[in-house]
Amino acid sequence: MASGPIPQAGHPASPAHGPSTYAGHAPTMHPAPVLSARGLVKTYGSTGAETRALDGVDLDIARADSLAVMGPSGCGKTTLLHILAGILTPTSGTVHHDGTELAALGDRARTRLRRSDFGFVFQDGQLLPELTALENVILPRMLAGVPRRKATAEAASWLDRLGLQGMHERRPTQLSGGQAQRVAIARALAGRPSVVFADEPTGALDQTTGQTVLQILVESCRETGASLVMVTHDAKVAAACRRTVAMRDGRIAQEFVRPEESSAVAR
Ligand SMILES: Nc1ncnc2c1ncn2[C@@H]1O[C@H](COP(=O)(O)OP(=O)(O)O)[C@@H](O)[C@H]1O
Ligand SMILES: [Mg+2]
């Protein structure tokens, strides 16, 4: 599955009705985006043998919006996600979060920002195997400076909210793939992040479990007002987001905004 139009219902974004994407088109009445990327270029490797993973990406992410990043393997999706989240530094270009340029922050300030403002959900959960479900949710909160008692209460409440009552003390190996992803979602959302980044969050799950987990992820973000940035190569998964950008060879090749009523996930 390589190039071509995104095979799903909806309309292409039009500058008149779509959200602001490029600075030049943004009507001034739009609230400032939570994340704003300009001219992102990322090369890996040394001169002569370099891979240009990103080749000039401009992207604004609105508050409380959901964005799917699609495209074939190797087109730069994960690289873009990691740069937006301040995990990777771009070769050139900028990312602003709430008006602050990520590169202008030192490593420690950037780490603090990630812990306090961003949540992450990866393909296979990446839970710490020696910790219980509850401890996996508590740990990043304590790293963010929240007292243990408060972190524990919040973590327990998130696990319950996501249907994991009675499983707080289980270790990741004692959970199904879908349950583990729910723990990962609880972990991502417990800090009330402004942005949740998800990289193929349902990629390791069967279709039915994947749909359930996807629904929980999208709804939890919506309920807490977090923006969701989700990498996927699956059009069905992307359909849960309001907006989709399709990447090809390190660039955004197409953009697509779904009409409200056709969201694949029930509200
Ligand atoms: N750490 C790395 N070192 C060298 N090349 C990399 C590295 N990470 C990604 N790449 C290359 O950059 C390109 C984009 O990769 P990636 O962002 O992972 O794409 P996707 O997530 O869309 O599959 C690919 O050609 C990949 O091989
Ligand atoms: Mg990837």
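What counts as what
- Residues numbered from 1 in each chain as written.
- Chains lettered and ligands numbered in written order.
- Predicted model: local features only at pLDDT ≥ 70, side-chain atom pairs only at ≥ 80, totals over all residues.
- Heavy atoms only, no water.
- Helix = DSSP H or I, 4+ residues; strand = E, 2+ residues; numbered from the N terminus.
- Buried < 20%, exposed > 50% of the residue type's maximum accessible area, 1.4 Å probe, protein only.
- Contact = heavy atoms within 4.5 Å.
- Areas by Shrake-Rupley, 256 points an atom, 1.4 Å probe, with all protein chains shown as cover.
- Near = heavy atom within 4 Å.
- Polar contact = N/O pair within 3.5 Å; in protein donor to acceptor, adjacent residues only side chain to side chain.
- Nonpolar A, V, L, I, M, F, W, Y, C, P; charged D, E, K, R; others polar.
- pLDDT = per-residue confidence, 0-100.
- 1 Å grid on protein atoms, 1.4 Å probe; cavity = no way out; pocket = protein on both sides within 12 Å on 5 of 7 lines; lining within 4 Å.
- Points joined across faces, edges and corners; volume = space filled by probe spheres on them.
- Pairing = 2+ DSSP bridges.
- Axes fitted to C-alpha atoms, helices over the stretch in contact; angles between N-to-C directions.

### Section: the overall build of the protein
In step 1: A tally of helices and strands in the protein yields seven helices and eleven strands.
In step 2: Within the protein, the fraction of its 267 residues that count as buried is 49%.
In step 3: By sequence separation, contacts in the protein at least 24 residues apart represent 69% of the contacts at least 6 residues apart.
In step 4: When the accessible surface of the protein is summed, it comes to about 12700 Å², and 52% of that surface belongs to carbon and sulfur atoms.

### Quick look at the site of ligand 1
In step 1: Taken together, Tyr 44, Thr 51, Ala 53, Pro 72, Ser 73, Gly 74, Cys 75, Gly 76, Lys 77, Thr 78 and Thr 79 make up the full set of residues adjacent to ligand 1.
In step 2: In the environment of ligand 1, an oxygen atom lies 3.2 Å from a nitrogen or oxygen atom belonging to the backbone of Cys 75.
In step 3: Within the side chain of Thr 78, one N or O atom sits 2.9 Å away from an oxygen atom of ligand 1.
In step 4: Those elements that provide at least two residues to the shell around ligand 1 are strand 3 (51-61) and helix 1 (77-84).
In step 5: Residue contributions to the shell around ligand 1 peak at three residues, all from helix 1.
In step 6: Looking at the shell around ligand 1, its residues break down into four nonpolar, six polar and one charged.

### Some words on the confidence of the model for the protein
In low-pLDDT segments, the atomic positions of the prediction should not be examined closely.
In step 1: For the protein, mean pLDDT is 88; residues scoring 70 or higher make up 86% of the total.
In step 2: Averaged pLDDT values for the elements of the protein fall to 41 in strand 1 (residues 11-12) and rise to 98 in strand 2 (residues 35-44).
In step 3: This model gives residues 1-27 a pLDDT under 50, and the stretch forms 47 contacts once residues within four places in sequence are excluded.

### Re empty space enclosed by the protein
In step 1: Throughout the structure, instances matching the rule amount to one cavity of 30 Å³ or more.
In step 2: Taken as a whole, the largest cavity encloses approximately 80 Å³ of empty space.
In step 3: Lining the largest cavity are Ile 83, Gly 86, Leu 88, Thr 89, Pro 90, Gly 93, Thr 94, Val 95, Glu 101, Leu 102, Ala 103 and Arg 110.
In step 4: Sort the elements by how many residues they give to the lining of the largest cavity and strand 5 (residues 92-97) lands first, with three residues.

### Quick notes on the sheet that holds strand 2
In step 1: Spatially, four strands are ordered 3-2-5-6 in an open sheet, and the strand pairing comes out antiparallel. Each edge of the open sheet carries a strand with a single partner, namely strand 3 and strand 6 (100-101).
In step 2: Pairing analysis gives five bridges linking strand 2 to strand 5, with the strands arranged antiparallel. What sits directly across from Val 41, in strand 5, is Ser 92.
In step 3: Running over the sheet, helix 1 touches strand 2, strand 3 and strand 5 and is turned about 55° from strand 3.

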